[in-house]
Amino acid sequence: MKTLLGRRARTLAAITATAGAVFVAGCTSSGSGGSAGKTAAGGVDLVKAGQLTTCTHLPYPPFQSEIHGKVQGFDVSLVDLVAKDLGVKQQILDTPFENFKTGAFLNSGECDLAAAGMTITPERKKNVDFSDPYFDATQAVLVDKKSGVDSLAGLKAKGKKLGAQAQTTGEDYAKKQGFDPISFESSDAVLNGLRTGQVQAVIIDFPVVQGWLKDKANANAFKVVDNLSTGEQYGFTVKKGNTKLLAAVNKAIADAKADGTYKKLYEQWIGPYDASVASPSAS
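Cut-offs and rules
Residues numbered from 1 in each chain as written. Predicted model: local features only at pLDDT ≥ 70, side-chain atom pairs only at ≥ 80, totals over all residues. Heavy atoms only, no water. Core = buried A, V, L, I, M, F, W, Y, C linked by side-chain atoms within 4.5 Å. Buried < 20%, exposed > 50% of the residue type's maximum accessible area, 1.4 Å probe, protein only. Helix = DSSP H or I, 4+ residues; strand = E, 2+ residues; numbered from the N terminus. Contact = heavy atoms within 4.5 Å. pLDDT = per-residue confidence, 0-100. Salt bridge = Lys/Arg side-chain N within 4 Å of Asp/Glu carboxyl O. Pairing = 2+ DSSP bridges. Phe/Tyr/Trp six-rings, centres within 6.5 Å; stacked < 30°, edge-to-face > 60°. Polar contact = N/O pair within 3.5 Å; in protein donor to acceptor, adjacent residues only side chain to side chain. Axes fitted to C-alpha atoms, helices over the stretch in contact; angles between N-to-C directions. Parallel < 35°, antiparallel > 145°, perpendicular 65-115°, else oblique. Left-handed = near helix turned anticlockwise from the far one by under 90°. Nonpolar A, V, L, I, M, F, W, Y, C, P; charged D, E, K, R; others polar.

## Here we look at the nonpolar core
Ranked by internal contacts, the top residues of the largest apolar core, which has 47 residues, are Leu 52, Phe 74, Leu 86 and Phe 135. Those elements that provide at least two residues to this core are helix H1 (74–86), strand S9 (135–144), helix H7 (187–195), strand S12 (201–205), helix H8 (206–212), strand S13 (222–234), helix H10 (243–259) and helix H11 (261–269). Beyond its immediate stretch of four places on either side in the chain, Phe 74 contacts Pro 62, Phe 63, Tyr 134, Phe 135, Tyr 262, Leu 265, Tyr 266, Trp 269 and Ile 270. Within the second largest apolar cluster, 13 residues are counted, among which are Cys 55, Leu 93, Phe 97 and Met 118.

## Re the confidence of the model for the protein
Low-pLDDT stretches of the model should not have their predicted coordinates read in fine detail. For the protein, per-residue confidence averages 83 on the pLDDT scale, and 83% of positions sit at 70 or higher. This model gives residues 1–34 a pLDDT under 50, and the stretch forms 85 contacts once residues within four places in sequence are excluded.

## Observations regarding the pattern of salt bridges
Tallied over the entire structure, the rule returns 4 salt bridges. With a shortest N-O distance of 2.9 Å, Glu 267 and Lys 263 are connected by a salt bridge. In this pair, Glu 267 and Lys 263 are both assigned in helix H11, 4 residues apart and thus about one turn of the helix distant. A relative accessible area of 39% places Glu 267 in the partly exposed class.

## Some words on unusual backbone geometry
Between Leu 58 and Pro 59 the backbone carries a cis peptide bond, its omega angle lying at -10°. Along the polypeptide, Pro 59 turns up in the loop between strand S3 (51–56) and strand S4 (65–67). Of note in the backbone geometry, His 68 takes a positive phi value of approximately 55° without being a glycine. Looking at the element boundaries, His 68 is found in the loop between S4 and strand S5 (70–72). In this structure, Gln 167 takes a positive phi of about 70° despite not being glycine.

## Points about the pairing of S12
Across the 5 residues of S12, 5 count as buried, placing the element largely inside the fold. Bridge count for S9 against S12 is 5 bridges, and the pairing is antiparallel. Considered in S12, the bridge of Val 143 is made with Ala 201. With 2 bridges connecting them, strand S10 (residues 162–165) and S12 associate as parallel partners. Its bridge partner lying in S12, Gly 163 is registered against Val 202.

## Looking at the pairing of strand S6 (residues 89–94)
Of all 6 residues that make up S6, 5 are buried, and the element is covered over most of its length. Across 6 bridges, the pairing between S3 and S6 is parallel. If you follow Thr 53 over to S6, its bridge partner there is Gln 91.

## As for the packing of aromatic side chains
The full count for this structure, using the stated rule, is 15 aromatic pairs. Both rings, one in Trp 212 and one in Phe 222, keep their centres 5.2 Å apart while their planes meet at 45°; by these two values the pair is tilted. Of this pair, Trp 212 sits in helix H8 while Phe 222 sits in strand S13, placing them 10 residues apart in sequence. A residue is classified by how much of its surface remains accessible, and Trp 212, at 12% relative accessible area, is buried.

## Some remarks on the environment of Asp 136
Here Asp 136 shows up in strand S9. Put simply, Asp 136 and Tyr 234 are 98 residues apart on the chain and 6.5 Å apart in space, counted from C-alpha to C-alpha. There is a polar contact of 3.0 Å between the side chain of Asp 136 and the side chain of Gln 233.

## What to know about the packing of H1 against H10
Their axes nearest at 9 Å, the elements H1 and H10 cross at an angle of 115°. One element, H1, and the other, H10, form an angle in the roughly perpendicular class. Between H1 and H10 the crossing geometry is right-handed. Taken together, the residues of H10 that come into contact with H1 (itself represented by Leu 81, Val 82, Asp 85 and Leu 86) are Leu 245, Ala 248, Val 249, Ala 252 and Ala 256. Here the contact of H1 with H10 is built from residues that sort into 8 nonpolar, no polar and 1 charged.

In structure tokens:
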């Protein structure tokens with residue numbers, strides 16, 4: 001397993017003017033100030049004045065990744081709607097994924113919320129408060145076409161190597177199925193491991209695979225052999241007890257679904273829109 005702790009944290013300011021257009025900028029905080037200076041619209045207290053600080057883990061396209069020097073994606077665009085409602089700008093802090101399970105950066109006051117394509121689970125709910133679900137997700141089994149593997153069961157029968165992103169539900173699923181997956185730091189590293197032959201198959205979130213297979217070279221060499229309906233739903237997280245910010249996040253999600261913004265962003269970042277994703281049941 002590759003260590004996540006050595007990953008260099010990068011602070012990237014993300015500001016959206018229109019759907020998903022994110023620009024890297026400097027910190028807009030006017031200073032440390034008192035608590036009053038850090039209070040946004042609706043009485044929401046922020047860790048830094050004038051900005052909504054979001055923890056994420058890059059890259060994870062199409063939800064968040066750096067494209068031409070700008071952090072962009074579905075998650076980024078949705079959180080920008082929250083920031084707009086609060087009258088501030090979003091700033092993104094790239095952090096190790098393992099901290100999302102514990103809420104470490106929320107508890108330490110480094111971030112206001114976390115957005116990382118994170119599945120809502122009972123275990124994670126012990127450490128953080130989740131927003132309403134904003135995305136229904138499935139896991140895909142992606143294989144090298146030369147491997148001769150046509151299913152997850154076939155992978156085990158042929159003794160092929162399986163990869164997954166460390167600290168994710170995909171890795172957990174693989175272990176529950178009796179695999180000892182090779183762990184990678186990020187979704188990009190998982191796919192690169194498949195491309196370079198370190199593994200012959202990977203379990204990874206289907207939206208990530210959809211985006212990756214848009215590249216003709218990838219589609220010619222790799223294929224999806226299983227789509228695992230694990231009942232997963234993504235949610236944003238805030239520090240436990242931060243009810244005002246949680247309410248603001250839920251309002252932004254609900255408003256986006258009601259006024260068509262969610263559909264527009266979904267089609268921009270993920271693909272053809274399925275109305276069922278707009279109304280996921282509470283996890």
